[in-house]
There are 2 protein chains.
Amino acid sequence: MDQLIPNQTIQDYLKHIYNLTQNGQPANTNTLAERLDLRPGTVSEMINKMAKLEPPLVDHQKYQGVRLTPAGGKMALKVIRRHRLIETFLVKVLGYSWDMVHEEACRMEHIVSDEFEARIASMLGEPSHSPHGEPIPTSALAMPPFYEHTLASLTTGQYATILQVPDSDPGLLRYLSSIGFTPGSKVTVLNHSPFDGNLMVTVNDGNASHVVGLPITSKIYVKKMDS
Amino acid sequence: MDQLIPNQTIQDYLKHIYNLTQNGQPANTNTLAERLDLRPGTVSEMINKMAKLEPPLVDHQKYQGVRLTPAGGKMALKVIRRHRLIETFLVKVLGYSWDMVHEEACRMEHIVSDEFEARIASMLGEPSHSPHGEPIPTSALAMPPFYEHTLASLTTGQYATILQVPDSDPGLLRYLSSIGFTPGSKVTVLNHSPFDGNLMVTVNDGNASHVVGLPITSKIYVKKMDS
DNA sequence: AATAATATTTAGGTTATCCTAAATTAATTA
DNA sequence: TAATTAATTTAGGATAACCTAAATATTATT
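Keep in mind that what you see is a predicted model, and the values were worked out from it rather than measured. (Residues numbered from 1 in each chain as written. Chains lettered and ligands numbered in written order. Predicted model: local features only at pLDDT ≥ 70, side-chain atom pairs only at ≥ 80, totals over all residues. Heavy atoms only, no water.)

A.B. asks: Sorry if this is basic, but what is going on with the overall build of chain A here?
C.D. replies: Looking only at helices and strands, chain A has eight helices and eight strands in total. Counting only C-alpha atoms and orienting by the principal axes, one finds that chain A spans roughly 60 × 45 × 30 Å. Residue burial in chain A is summarised as follows: out of 227 residues, 47% are buried. Pairs at least 24 apart in sequence give 60% of the contacts found in chain A among residues at least 6 apart. Carbon and sulfur atoms make up 51% of the accessible area of chain A, which amounts to about 11100 Å² in all. Here chain A contributes 20 positively and 23 negatively charged side chains, and the mean placements of these two sets differ by 3 Å. (Helix = DSSP H or I, 4+ residues; strand = E, 2+ residues; numbered from the N terminus. Buried < 20%, exposed > 50% of the residue type's maximum accessible area, 1.4 Å probe, protein only. Contact = heavy atoms within 4.5 Å. Areas by Shrake-Rupley, 256 points an atom, 1.4 Å probe, with all protein chains shown as cover. Lys, Arg positive; Asp, Glu negative; His and termini not counted. Charge placed at Lys NZ, Arg CZ, Asp CG, Glu CD.)

Listed below in C-alpha cells is the structure:
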C-alpha cells in the first residue's frame, strides 16, 4: 500500500478533491486552487498529470471539473485517515490542545509509515472520530457515514448534540472551546433569527447565552434531539 | 528558532557534515556525496550555496573540504536532537523495536515542530541518550561529551559495559540485540585475535560466546571496567 | 442569439535539486 | 620533479512544481 501513495503535492490535491466532491459535484479548478493556495494554471497542469498517471487518480475532461477515480479515492482516504489519527494522537497522547493539531498533522500525514499509523491507531483503540468529531476512515479505508444536520438547520426551541466542528482554523477552535462548543455538548436554541440566520444558544443548559452566525453554524454538525 | 531551520535537503547536509567533522578534519565532497547518496557535482554545488547563505552554514575553500560554521553547527545539533528524541519516543512510547526507528526518524526530524519536540522530550523525561546509546543534545543544543573507547580497543581478559551502538543499519541492530549487545550489557573479551582484530566475547557472563569482527567492534562504544 | 463575464487551459518562464561529463586542481608515485 | 591518479569543481541539461499572462471555452446576461 505504501508504494502506491504518491508524493506530498499529489496527496494534498487528493485530500482537497475528496472534500470538494463530497456534494456529488466535481471539484473545479479555481476552488481547488484557492484551497491549495496555488494559481489556477498550476492546478490545471497538475490535474492533467494526475489524470495521466497509471492508474489515473482523477477523472477529468477539459473545463468540466475533476473527480477522484477509485484509486484516487483510496489514496485520499488513506491520507485523511492519517491526518485524523495523528490529530487524535497529538491531543490524547501528547496533550496538544485541539486548535494546535491541524498544522502538525498536515505535515506528518505525508511522511509517517504504515507502521506508525497502525501503532497509533492501536494505542488509541482504533478511534472512529478525531477530537473535532471528524470521522476517521477504518484501516480498510471505509469512511463512516457523513452527518446530515448542521447547527444552522435548528430553529427556536430545538436542541441537539454537537458531533463535529471544522478542524483547520485555530482561532475558531479556541473560540468554540471557550463557549463550550465541543463534540458531545448539548446546545439549545433560544432564538433563531430568520433574516441573518443567527442563532442564540445555550450550552449544556448553562446560564450564558451566545449568538452565533451562519458562517459558523453551517459548519458544525449535530445530532438533533426531540424538542 | 524554527525559522532559522532551513529545508530538508540542507538539514541532511548539516547532519552528515556534523558527523564527518567530529574527528577534527573537514568533510570532503566525495564522502559526503556517498553518505547522502548523491553525485559529487551535486554536493559541490550545494556546499557552495550553503556557504553563501546569510548567515553562512559552512566554511569552505575550494578543494579543501567543508566545516560547519557556528550557525550551521547549531542547526545540525537541532536536527540531531530531533532525530534521537524521535527514535527514543518511537521505542519507549510506541513500542517500536530499535531496528525500525532510524528511517522513520529520518523523515520525521525534518517536519515536526518545536512544540512536538518539546512535548516528547518532556514526556520522556528529557532523555540524554537514544535507545542505541547515542547522546541527545540538550534543548539548549549542548552535546554531551563523546565516548572515548570502542569495543575494538579491548584485549583478552578485559571487560566493559556497552554504551552506544550504530543506529542506522536495521540488520546489524537485529543481530546485536540477538546476541545481547545493547547499551548497559557487560561484555567480557575471552580472546583478542591480533591479526584480524576479531574479538571472542561473552555477554553478561553468559555461556554463549560470539566472535565479532572489527567492522562492528570499531563502531561500538564502551566504558572500560577494571580487569 | 449576441455579448459580457467568468472559469479554465495553454504558453513561456523561474527556481531548486538533481544528473553526466568535461575541465581543473591536488595528491601520489615513479 | 614529472607523470599519473584521484578528488573536486564547473558546464550544460533534466525534471518537478510553481508562476504570470494570454488564449480559449463556458456560463450568464442582456
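A.B. asks: Whenever I open this one, the interface of chain B and chain A confuses me. Can you help?
C.D. replies: For an interface, size is often stated in terms of accessible area lost upon the parts coming together. Taken residue by residue, the interface counts 18 residues in chain B and 18 residues in chain A. Of the roughly 1600 Å² buried between chain B and chain A, counting both surfaces, carbon and sulfur atoms make up 67%. On the chain B side of the interface with chain A, the three residues burying the most area are Leu94, Ile111 and Arg119 of chain B, jointly 35% of the side's total. Along the contact surface separating chain B from chain A lie zero salt bridges. Inspection of the chain B/chain A interface yields ten residue pairs in polar contact (both at pLDDT 80 or more). (Buried area = accessible area lost by both parts, 1.4 Å probe. Salt bridge = Lys/Arg side-chain N within 4 Å of Asp/Glu carboxyl O. Polar contact = N/O pair within 3.5 Å; in protein donor to acceptor, adjacent residues only side chain to side chain.)

A.B. asks: What is the right way to read unusual backbone geometry from this model?
C.D. replies: Where the residue is not glycine, phi is negative for most of them; where a peptide bond is considered, it is trans in most cases. Residues and elements named next belong to chain A. Cis geometry marks the peptide bond from Glu54 to Pro55, where omega comes out at 0 degrees. By secondary structure assignment, the location of Pro55 is in the loop between helix H3 (40-52) and strand S1 (58-60). Positioned with a positive phi, Glu126 is a non-glycine residue whose angle comes to about 45 degrees. Relative to the helices and strands, Glu126 is located in the loop between helix H6 (114-123) and strand S3 (149-150). Note on Glu126: relative accessible area 48%, which makes it partly exposed. Of note in the backbone geometry, Leu141 takes a positive phi value of approximately 65 degrees without being a glycine. Position of Leu141 among the secondary structure elements: in the loop between H6 and S3. When its relative accessible area of 10% is taken as the criterion, Leu141 is described as buried.

A.B. asks: Before we go on, may I ask you to explain the protein's contact with DNA strand C in this structure?
C.D. replies: What surrounds DNA strand C is a group of 18 residues, the closest being Ser44 and Lys62 of chain A together with Asn7, Thr42 and Lys49 of chain B. Considering DNA strand C, the proportion of its atoms within 4 Å of the protein that are sugar or phosphate atoms stands at 75%. With respect to DNA strand C, the side chain of Ser44 of chain A contributes an N or O atom lying 2.7 Å from a phosphate oxygen. Going through the elements one at a time, helix H2 (29-36) and H3 of chain A together with helix H3 (40-52) of chain B are the ones with two or more residues in the surface near DNA strand C. A total of four residues in the surface near DNA strand C trace back to one element, the largest contributor, which is H3 of chain B. (Near = heavy atom within 4 Å.)

A.B. asks: What's the story with the protein's contact with DNA strand D in this structure? I'm lost.
C.D. replies: In the vicinity of DNA strand D, 18 residues are found, and the nearest of them are Asn7, Thr42 and Lys49 of chain A together with Ser44 and Lys62 of chain B. In DNA strand D, atoms within 4 Å of the protein come 76% from sugar and phosphate. At 3.0 Å, a backbone N or O of Arg39 of chain A approaches a phosphate oxygen of DNA strand D. Thr42 of chain A has a polar side-chain atom sitting 2.6 Å from a phosphate oxygen of DNA strand D. Breaking the surface near DNA strand D down by element, the ones donating at least two residues are H3 of chain A together with helix H2 (29-36) and H3 of chain B. Ranked by residues supplied to the surface near DNA strand D, first place goes to H3 of chain A with four residues. Residues that form the surface near DNA strand D fall into these classes: five nonpolar, nine polar and four charged. (Nonpolar A, V, L, I, M, F, W, Y, C, P; charged D, E, K, R; others polar.)

A.B. asks: Help me understand the sheet that holds strand S8 (residues 221-224) of chain B in this model?
C.D. replies: Sheets are built from strands that pair by backbone hydrogen bonding, the pairs being arranged parallel or antiparallel. Residues and elements named next belong to chain B. Across the sheet, which stays open at both edges, the six strands sit in the order S3-S8-S4-S5-S6-S7 with antiparallel pairing between neighbours. The sheet is open, and its two borders are formed by strand S3 (149-150) and strand S7 (209-212), each paired with just one other strand. Judged from the three bridges that link them, strand S4 (residues 159-164) and strand S5 (residues 186-192) form a sheet pairing that is antiparallel. Bridge pairing links Tyr159 to Thr188 in S5. (Pairing = 2+ DSSP bridges.)

A.B. asks: Whenever I open this one, the packing of helix H1 (residues 8-20) of chain A against H3 of chain A confuses me. Can you help?
C.D. replies: Relative orientation and spacing of two packed helices are given, respectively, by the angle between their axes and the distance between those axes. Residue and element names in this part refer to chain A. Across the interface, H1 lies against H3 with an axial gap of 11 Å and an inter-helix angle of 95 degrees. Judged on the interaxial angle alone, H3 and H1 are roughly perpendicular. On the side of H1, the interface is formed by Thr9, Ile10, Tyr13, Leu14 and Ile17, while H3 contributes Thr42, Val43, Met46, Ile47 and Met50. The residue inventory of the contact of H1 with H3, partitioned by class, reads eight nonpolar, two polar and no charged. (Axes fitted to C-alpha atoms, helices over the stretch in contact; angles between N-to-C directions. Parallel < 35°, antiparallel > 145°, perpendicular 65-115°, else oblique.)

A.B. asks: I tried to follow the relation of the copies chain B and chain A on my own but got confused; where do I start?
C.D. replies: You can overlay chain B on chain A at an RMSD of 0.1 Å; the transform is a turn of 180 degrees with a shift of 0.0 Å along its axis. When the rotation and shift are considered jointly, the pair of chain copies conforms to a two-fold rotation axis. Within chain B, the C-alpha atom positioned nearest to the axis of rotation is that of Met108 of chain B, 3.6 Å from it. Most of the interface of chain B is mirrored in chain A: 100% of its interface residues are interface residues there too. (Least-squares fit on C-alpha atoms with pLDDT ≥ 70 in both.)

A.B. asks: I keep staring at empty space enclosed by the protein and nothing clicks. Help me out?
C.D. replies: Residue and element names in this part refer to chain B. With the rule as written, the count across this model stands at one cavity of 30 Å³ or more. The computed volume of the largest cavity comes to approximately 40 Å³. Surrounding the largest cavity, Pro135, Pro145, Phe146, Tyr147, Gln164 and Tyr221 form its lining. Per-class residue counts for the lining of the largest cavity are five nonpolar, one polar and no charged. (1 Å grid on protein atoms, 1.4 Å probe; cavity = no way out; pocket = protein on both sides within 12 Å on 5 of 7 lines; lining within 4 Å. Points joined across faces, edges and corners; volume = space filled by probe spheres on them.)

Treat this as a map of the structure, not an account of what it does.
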